[in-house]
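# Overview (structure and organization)
Below, each chain spelled out in residue letters.
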Amino acid sequence: RMGTLLDRFEEHDGPVRGVDFHKTQPLIVSGGDDYKVKLWDYKLRRCLFTLLGHLDYIRTVQFHSEYPWIVSASDDQTIRIWNWQSRSCISVLTGHNHYVMCACFHPREDLIISASLDQTIRVWDTAGRPKKTV
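A brief report on the enclosed structure follows. (Residues numbered from 1 in each chain as written. Predicted model: local features only at pLDDT ≥ 70, side-chain atom pairs only at ≥ 80, totals over all residues. Heavy atoms only, no water.)

Another point: the pattern of salt bridges. Per the counting criterion, the structure on display carries seven salt bridges. A salt bridge links aspartate 13 to lysine 36; the shortest N-O distance between them is 3.2 Å. Of the two residues, aspartate 13 is situated in the segment before β1 (16-21) and lysine 36 in strand β3 (residues 36-41); the sequence distance between them amounts to 23 residues. Residue aspartate 13 is classed as exposed on the basis of its relative accessible area, which comes to 55%. Residue classification places lysine 36 among the partly exposed residues on the basis of a relative accessible area of 21%. Of the charged contacts in the structure, one is a salt bridge between arginine 17 and aspartate 33, with a shortest N-O distance of 2.4 Å. Of the two residues, arginine 17 is situated in strand β1 and aspartate 33 in the loop between β2 (27-32) and β3; the sequence distance between them amounts to 16 residues. Owing to a relative accessible area of 39%, arginine 17 belongs among the partly exposed residues under this scheme. Note on aspartate 33: relative accessible area 12%, which makes it buried. (Salt bridge = Lys/Arg side-chain N within 4 Å of Asp/Glu carboxyl O. Helix = DSSP H or I, 4+ residues; strand = E, 2+ residues; numbered from the N terminus. Buried < 20%, exposed > 50% of the residue type's maximum accessible area, 1.4 Å probe, protein only.)

So, about the sheet that holds strand β4 (residues 46-52). Spatially, four strands are ordered β1-β2-β3-β4 in an open sheet, and the strand pairing comes out antiparallel. In this open sheet, the two strands that pair with only one neighbour each are β1 and β4. Taken pair by pair, the neighbouring strands of this sheet meet at an average axis angle of 20°, ignoring direction. Two elements, β2 and β3, share five bridges in a ladder whose sense is antiparallel. Looking at the pairing, leucine 27 lines up with aspartate 41 of β3. (Pairing = 2+ DSSP bridges. Axes fitted to C-alpha atoms, helices over the stretch in contact; angles between N-to-C directions.)

Structure (structure tokens):
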């Protein structure tokens with residue numbers, strides 16, 4: 001029935017600010033005030049692993065539609081690109097001078113857009129980043 005709670009995941013140490021579904025796999029990514037990006041398998045009903053690197057609250061997270069990437073935006077004024085297959089940060093985008101409130105991948109082009117309390121919207125090139133796990 002619509003609106004029925006199916007599950008609940010409680011492994012963050014503080015508020016959760018961002019979530020996203022993977023488009024083809026039973027995965028969820030989340031980010032929150034514990035500075036952690038977590039990858040979940042919602043069919044297995046568990047957290048698979050945690051990605052560490054941000055130094056402040058994480059505002060938003062998103063899966064890439066094609067590559068094994070996650071983008072995260074943080075109050076540490078950075079955007080990070082993670083390869084969730086290798087469980088590593090592959091790029092840190094710097095330039096904002098206030099909290100980064102959101103970031104997302106372009107659906108078809110090698111771009112990320114971000115918005116910050118520094119009153120700017122920025123467009124970032126992701127071409128040339130490694131696409132596959134080595």
